[in-house]
Amino acid sequence: MTRRHERLQEIECEMSSGNVFADLGIGNPEEELTKAKLVWELEQIIKRKKLTQVEAAKIMGISQPKVSALIRRKLEGFSVERLIHFLNALGQDVDIIVKPKPRSRKQGILSVYHDCNSSSVPMVAKGR
């Protein structure tokens, strides 16, 4: 057995829950995942519209350093509601659908779906 093969056998692996924030033990993992998905959408829109950070900041009503923080995934101080407001300011509709959860699942979830009919990159992202 090679030395590399021996090292690979020593690596412990664990199946993901589908939410990296939950896997890492971060508080409010569903909210953090939702914020991450909304920021991904914001970044895609900014890129698609070819906006500078200064232009995006003006449209969203925040400073350029805050746009930079969003792009770098520094999400402290940004609520889901505020991120939705930024999406609206950038000309996006945001739909919130409330429906009963399946009995087989313990908790309700919050999902973010990308509209595949729009002109940006398709993405379906769902919480656990």
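The preceding data block contains the structure.
Predicted, not measured: the structure shown is a model, and the values here were computed from it. (Residues numbered from 1 in each chain as written. Predicted model: local features only at pLDDT ≥ 70, side-chain atom pairs only at ≥ 80, totals over all residues. Heavy atoms only, no water.)

Bringing the packing of aromatic side chains into the picture now. Applying the stated criterion across every chain yields a total of one aromatic pair. Judged by centre distance (6.2 Å) and plane angle (70°), the ring pair of Phe78 and Phe86 falls under edge-to-face. Assessed through its relative accessible area of 6%, Phe78 is described here as buried. For Phe86, a relative accessible area of 1% puts it in the buried group. (Phe/Tyr/Trp six-rings, centres within 6.5 Å; stacked < 30°, edge-to-face > 60°. Buried < 20%, exposed > 50% of the residue type's maximum accessible area, 1.4 Å probe, protein only.)

This paragraph deals with helix H5 (residues 64-71). Those residues of H5 not exposed but buried are Val67, Ser68, Ala69 and Leu70. On its buried side, H5 packs onto helix H3 (29-48), helix H4 (53-60) and helix H6 (80-89). (Helix = DSSP H or I, 4+ residues; strand = E, 2+ residues; numbered from the N terminus. Contact = heavy atoms within 4.5 Å.)

Attention now moves to the pattern of salt bridges. Counted by the stated rule, this structure contains three salt bridges. Between Lys35 and Glu32 there is a salt bridge; the shortest N-O distance is 3.7 Å. One end of the pair is Lys35 and the other is Glu32, both in helix H3 and three residues apart, which spans about a single turn. Taking relative accessible area as the criterion, Lys35 reaches 7% and is therefore assigned buried. Between Glu43 and Arg73 there is a salt bridge, with its nearest N and O atoms 2.8 Å apart. With Glu43 in helix H3 and Arg73 in the loop between H5 and H6, this residue pair connects regions lying 30 residues apart in the sequence. Taking the relative accessible area as the measure of exposure, Glu43 reaches 13% and is therefore buried. (Salt bridge = Lys/Arg side-chain N within 4 Å of Asp/Glu carboxyl O.)

What follows deals with the nonpolar core. Core analysis: the biggest nonpolar cluster contains 20 residues, and Leu42, Met60, Leu70, Leu83 and Phe86 have the highest contact counts within it. Residue assignment for this core shows that the elements contributing at least two residues are H3, H4, H5 and H6. With residues up to four places along the chain from it excluded, the contact list for Leu42 reads Met60, Leu70, Leu83, Phe86, Leu87 and Leu90. (Core = buried A, V, L, I, M, F, W, Y, C linked by side-chain atoms within 4.5 Å.)

Just geometry here; none of it tells us what the structure is for.
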